[in-house]
Amino acid sequence: METIDQKQALHLIKEGKKITFLTGAGISTPSGIPDYRSLSGVYQGIEQPEYLLSATCLIEEPQKFYDFIQTLYHPNARPNMIHSKIATLEKTKETWVISQNIDGLHKTAGSHNLVDFHGSLYDCYCRNCGQKVSVEEYLTSDRHLVCGGQLRPGIVLYEEGLDQQAIVTAIEAVEQSDLIVIVGTSFQVHPFCDLIHYTSEEAVVLVINQTTIQLNRHAYFLNEEAESIFENI
Ligand SMILES: [Zn+2]
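Residues numbered from 1 in each chain as written. Predicted model: local features only at pLDDT ≥ 70, side-chain atom pairs only at ≥ 80, totals over all residues. Heavy atoms only, no water.

Novice: Sorry if this is basic, but what is going on with the side chain of D103 here?
Specialist: Here D103 lies in the loop between β3 (94-99) and α7 (105-109). Despite being buried, D103 has no salt bridge partner; R78 is the closest side chain of opposite charge, sitting 11 Å away. Engagement of the side chain of D103 in a polar contact is seen with the side chain of S28, the distance being 2.6 Å. Polar side-chain contacts of D103 include one of 3.0 Å to the backbone nitrogen of L105. D103 has contacts with S28, I33 and Y122, leaving out every residue within four places of it along the chain. (Helix = DSSP H or I, 4+ residues; strand = E, 2+ residues; numbered from the N terminus. Buried < 20%, exposed > 50% of the residue type's maximum accessible area, 1.4 Å probe, protein only. Lys, Arg positive; Asp, Glu negative; His and termini not counted. Salt bridge = Lys/Arg side-chain N within 4 Å of Asp/Glu carboxyl O. Polar contact = N/O pair within 3.5 Å; in protein donor to acceptor, adjacent residues only side chain to side chain. Contact = heavy atoms within 4.5 Å.)

Next up, the structure:
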């Protein structure tokens, strides 16, 4: 990756006509939402988060699933500068955001051209009757008052497939963009990181992260906290 400074990165964003942001946990930590990787620390020796976030656990050990999933909710977290600036860019440029985050903060910030690639904790529904329920209802009980069925969040659990429409929309956005900005992610989770294979040859890729990431194509690299550059967009 070719390291550049903030001024050069700002220039790339200014020149971009169709921009797709690929975002990860790093952009929500300034909003007080812990990175997933820290979960394995918290739950180390008890149970793997991968099991607690699996379809098997949801169905076979619903109480265990519910106890764990509640720890992932931060209903008072607010979007930060990064979410807000991405949402604002939509007003002046064709902008898309494809996020691995399940915290719903891009939506709260006002992004419309948005794909929550792994779903959102804040879209809850009943497994039995399919009815949508509010997050407040889900956080009160995981039993649906109407039918007695089990409530669940609309996130993609381990063992579950991704939403096909999310994949199609994400690929289309990446294919058509002349600038891809990867921000706040170590970019290691498949198939999210495979989206990079759909960039056009002429497209410019900008990575804003505190550590380098592996890409098999040319990319510009801004090695700093995302908040500081987004402040200046
Ligand atoms: Zn129901």
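Novice: Can you help me understand the UniProt feature "active site" (unreviewed entry) in the chain in this one?
Specialist: Under the present numbering, the feature "active site" (unreviewed entry) in UniProt falls on H118. Along the chain, H118 turns up in the loop between β4 (114-116) and β5 (119-126). The exposure class of H118 is buried, given its relative accessible area of 15%. Other than its neighbours up to four places away in sequence, H118 contacts S99, Q100, I102, G154, I155, V156, L162 and V189. (UniProt positions renumbered as here; feature names shortened; annotations may be inferred.)

Novice: What exactly am I supposed to notice about the nonpolar core here?
Specialist: Soluble globular proteins tend to pack their nonpolar side chains together in the buried interior. Judged by nonpolar contacts, the single largest core of 23 residues is most densely connected at L22, I98, I182, F187, L195 and L215. Elements with a contribution of two residues or more to this core: α9 (164-176), β8 (179-183) and β9 (204-208). No other element matches α9, which puts five residues into this core. When near neighbours in sequence (up to four residues on either side) are disregarded, L22 contacts I98, V174, I180, V181, I182, V183, T185, F187, F192 and L195. If you look at the next biggest cluster of nonpolar residues, it comprises 21 residues, including F21, V183, L222 and I229. (Core = buried A, V, L, I, M, F, W, Y, C linked by side-chain atoms within 4.5 Å.)

Novice: Quick question: what am I supposed to make of unusual backbone geometry here?
Specialist: Trans peptide bonds make up most of the peptide bonds, and negative phi angles are found at most residues other than glycine. In this model, H190 is joined to P191 through a cis peptide bond whose omega is 0°. Relative to the assigned elements, P191 resides in the loop between β8 and β9. With phi around 85°, E159 is a residue other than glycine that occupies positive phi space. The backbone of F187 sits at a positive phi, close to 55°, despite the residue not being glycine. With respect to the helices, strands and loops of the structure, F187 is situated in the loop between β8 and β9.

Novice: Teacher, can you tell me more about the packing of aromatic side chains here?
Specialist: Geometrically, a pair of aromatic rings is defined through the distance of the ring centres and the angle of the planes. Overall, the coordinates contain six aromatic pairs when judged by the stated rule. Judged by centre distance (5.5 Å) and plane angle (70°), the ring pair of F117 and F192 falls under edge-to-face. Here the residue F117 occupies a position in the loop between β4 and β5, and F192 occupies one in the loop between β8 and β9, the gap between them amounting to 75 residues. When the ring of F187 is compared with that of F192, the centres are 5.9 Å apart and the planes differ by 80°; the resulting orientation is edge-to-face. Since its relative accessible area comes to 4%, F187 is described here as buried. (Phe/Tyr/Trp six-rings, centres within 6.5 Å; stacked < 30°, edge-to-face > 60°.)

Novice: Looking at this structure, how should I read the environment of K107?
Specialist: Tracing the chain through its elements places K107 in helix α7. Exposure remark for K107: the relative accessible area of 54% places this residue in the exposed category. Spatially, the C-alpha atoms of K107 and H144 are 25 Å apart, while their sequence positions differ by 37 residues. For K107, the residues in contact, after removing those within four places along its chain, are L114 and D123.

Novice: In this structure, what is going on with the sheet that holds strand β7 (residues 151-155)? I would like to understand it.
Specialist: Strand pairing in a sheet relies on backbone hydrogen bonds. The paired strands run either parallel or antiparallel. The antiparallel open sheet is built from three strands, whose spatial order is β6-β5-β7. Each end of this open sheet is capped by a strand with a single partner; those strands are β6 (132-133) and β7. One ladder, built from two bridges, connects β5 with β6; its direction is antiparallel. Looking at the pairing, C124 lines up with V133 of β6. (Pairing = 2+ DSSP bridges.)

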